[in-house]
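Fold and geometry: a report
If you want the building blocks of each chain, they are given just below.
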Amino acid sequence: MRILFIGDIFGRPGRTIVKDRLPEIMRGHGINLIIANGENAAAGFGITPALAEELFELNIDVITTGNHIWDKREIVDYFKLIGGNGHGPARRVLRPANYPSDMPGSGVYEGMKGKTPYAVINLQGRVFMASNDDPFRVADQLLQKIKAKVILVDMHAEATSEKVSLGWYLDGRVTAVVGTHTHVPTADERVLPNGTAYITDVGMSGPYDGVIGVKKELVVGRFLNNMPVRFEPATGDVRLCAVVIDCDEDTGKARKIERLMIS
Ligand SMILES: [Fe+2]
Ligand SMILES: [Fe+2]
């Protein structure tokens with residue numbers, strides 16, 4: 001089985017490059033399952049139900065998120081729609097699983113791709129981020145209940161040490177641990193000794209002619225004068241960052257992880 005994981009889709013530039021380039025990536029790499037982090041889909045801040053469904057129409061199966069999940073309030077009502085529909089679009093948008101348990105939405109999804117059961121877990125780090133439940137122990141609890149062998153974890157976190165640690169902690173228990181949130185891809189992709197594919201950060205799918213997606217003059221200005229400023233997405237040098245994970249669908253072990261950066 002080949003899984004494509006697309007890093008943080010940022011604003012219209014990110015959505016457009018994903019739409020334009022996804023068909024050829026799917027064909028070229030024989031992709032079976034597509035997961036994307038969509039926390040920045042709405043002009044960099046959050047995701048609306050309409051944008052989520054636009055991404056699902058591109059053949060994306062599951063959308064993960066992170067700290068920006070509540071930026072667009074419509075997403076709260078969307079999560080409340082889930083009701084009895086365990087596989088509808090609202091159910092396939094995740095928020096980090098280690099948020100307080102009574103928050104709307106879910107941090108784990110279990111589905112079928114063809115005849116292969118799979119699961120996606122979304123977690124958020126705690127170093128230099130809001131305090132949430134322990135992502136390591138929440139992963140333990142979730143893994144006790146998941147029956148699928150093919151399991152992908154999106155670890156949305158700031159600190160490289162926390163992400164690398166989670167990779168080692170889950171090695172052999174999940175197919176892949178992929179990092180998101182910093183919007184800068186790292187060159188450390190590898191398959192760990194017990195069969196878990198790992199990368200510290202997949203990188204952003206969006207405009208690189210800026211500061212992690214935002215117009216550079218706005219962010220540089222904020223560092224210079226500390227004045228509040230409304231951030232707007234940058235537009236230039238748009239790239240799609242993703243990883244392709246090849247795995248054995250019977251055991252869930254990863255064979256290979258390949259990093260992609262497409263402009
Ligand atoms: Fe992000
Ligand atoms: Fe983030």
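See the structure shown above.
Here is a short report on the structure shown in this document. (Residues numbered from 1 in each chain as written. Chains lettered and ligands numbered in written order. Predicted model: local features only at pLDDT ≥ 70, side-chain atom pairs only at ≥ 80, totals over all residues. Heavy atoms only, no water.)

**A look at the coordination of the iron ion (ligand 2)**
Angles at a metal have ideal values that depend on geometry: 109.5 degrees with four tetrahedral donors, 90 or 180 degrees with six octahedral donors. Applicable threshold: A donor here means any N, O or S atom no more than 2.8 Å from the metal (3.2 Å for Na, K and Ca); water is not included, so a site may seem to lack partners. Burial classes: relative accessible area under 20% of the type maximum marks a residue as buried, over 50% as exposed, and values in between as partly exposed (1.4 Å probe, protein chains only).
Surrounding the iron ion (ligand 2) are the protein donor atoms Glu39 (OE), Asn67 (OD1), His156 (NE2) and His181 (ND1), which sit 2.1 to 2.2 Å from the metal. By relative accessible area, which is 1% here, Glu39 ends up buried.

**Notes on the coordination of the iron ion (ligand 1)**
Definition in use: Tetrahedral means four donors with every angle between 85 and 135 degrees, whereas square planar (four donors) and octahedral (six donors) require angles over 155 degrees between opposite donors and between 65 and 115 for all others; sites fitting neither are termed irregular. The numbering of helices and of strands both runs from the N terminus, where a helix is a DSSP run of H or I of at least 4 residues and a strand a run of E of at least 2.
Within the protein, Asp8 (OD), Glu39 (OE), Asn40 (OD1) and His183 (NE2) serve as the donor atoms for the iron ion (ligand 1), at 2.0 to 2.2 Å. For the iron ion (ligand 1), the four donor atoms in the first shell make angles of 87 to 158° at the metal, a pattern classed as irregular. Ordering the donors of the iron ion (ligand 1) by residue number gives the pattern D-x30-E-N-x142-H. Between the iron ion (ligand 1) and the iron ion (ligand 2), the interatomic distance is 3.5 Å, and Glu39 donates to each metal, bridging them. A residue pair is termed long-range when its members are at least 10 positions apart, and Asp8 in the loop between strand S1 (2-6) and helix H1 (11-29) and Asn40 in the loop between strand S2 (33-37) and helix H2 (49-57) qualify at 32 residues. Take Asp8 and Asn40: they sit in the same class, and that class is buried.

**Things to note about the environment of Val184**
Where we set the bar: The contact criterion used is simple: two residues touch if any of their non-hydrogen atoms lie within 4.5 Å.
Along the chain, Val184 falls in the loop between strand S7 (176-180) and strand S8 (190-191). When the C-alpha atoms of Val184 and Thr235 are compared, they prove to be 17 Å apart, with 51 residues separating the residues in sequence. With residues near it in sequence (within four places) discarded, Val184 still touches Asp201, Gly203, Met204 and Ile212.

**Describing H1**
Let me state the cut-off plainly: A helix is expected to span 1.5 Å multiplied by its residue count minus one. Values of bend correspond, residue by residue, to the angle between axes fitted over the seven residues ending at that residue and the seven starting there.
Taking 1.5 Å of rise per residue, 19 residues should cover 27 Å, and H1 covers 25 Å from first to last C-alpha, within 8% of that figure. At Arg21, H1 shows its largest bend, some 45°, and a proline, Pro23, comes one to four positions later. Those residues of H1 lying buried are Gly11, Pro13, Gly14, Arg15, Ile17, Val18, Leu22, Ile25 and His29. In this structure, the buried residues of H1 make contact with S1, S2, H2, strand S10 (206-207), strand S13 (238-247) and strand S14 (254-262).

**Quick notes on the sheet that holds strand S5 (residues 116-124)**
Operational definition: Pairing between strands is defined by DSSP: at least two bridges between them are needed.
Strand order in the open sheet formed by six strands is S4-S5-S6-S7-S9-S8, with mixed pairing between adjacent strands. Across the chains shown, the open sheet's two edge strands, defined by having one partner strand only, are strand S4 (108-113) and S8. By the bridge criterion, two bridges tie S8 to strand S9 (residues 197-199) in an arrangement that is antiparallel. In the sheet register, Arg190 faces S9, and the bridge partner there is Tyr198.

**A few points about the pattern of salt bridges**
Any two side chains of opposite charge can pair if their charged atoms end up close together. This is how it is decided: For salt bridges, the criterion is a side-chain nitrogen of Lys or Arg within 4 Å of an Asp or Glu carboxyl oxygen.
Taken as a whole and assessed by the stated rule, the structure comprises twelve salt bridges. With a shortest N-O distance of 3.0 Å, Asp246 and Arg2 are connected by a salt bridge. You can see Asp246 sitting in strand S13 and its partner Arg2 sitting in strand S1, a full 244 residues away along the chain. On the accessibility criterion, Asp246 (15% relative accessible area) is buried.

**Describing the nonpolar core**
Quick note on the threshold: Working definition of a nonpolar core: buried Ala, Val, Leu, Ile, Met, Phe, Trp, Tyr and Cys residues. They are joined through side-chain atoms within 4.5 Å.
Core analysis: the largest hydrophobic core is formed by 34 residues, its most contacted members being Leu4, Ile6, Ile47 and Ile60. Elements with a minimum of two residues in this core: S1, H1, S2, H2, helix H3 (74-80), S13 and S14. Setting aside chain neighbours within four positions, we find Ile6 in contact with Val18, Leu22, Ile34, Ile35, Ala36, Asn37, Ile60, Val202, Ser205, Leu240, Cys241 and Ala242.

**Description of the pairing of S2**
Across the five residues that make up S2, a large majority, five, are buried. Residues Leu33, Ile35 and Asn37 of S2 are buried on one face, and the alternating residues Ile34 and Ala36, pointing to the opposite face, are buried as well. Note: S1 against S2, four bridges, orientation parallel. Paired with Ile3 across the bridge in S2 is Leu33.

**Things to note about helix H4 (residues 135-145)**
Keep this limit in mind: Any pair of nitrogen or oxygen atoms within 3.5 Å is treated as a polar contact; in protein, a donor-acceptor pairing is required on top of that, and neighbouring residues in sequence qualify only through side-chain atoms on both sides.
Burial in H4 covers these residues: Pro135, Phe136, Val138, Ala139, Asp140, Leu142 and Leu143. Considering only its buried residues, H4 is in contact with S4, S5, strand S6 (150-156) and helix H5 (160-170). By the N-cap criterion, in which a side-chain oxygen at the helix start approaches the backbone nitrogen of a residue two or three places on, H4 is capped by Asp134, the distance to Phe136 being 2.8 Å.

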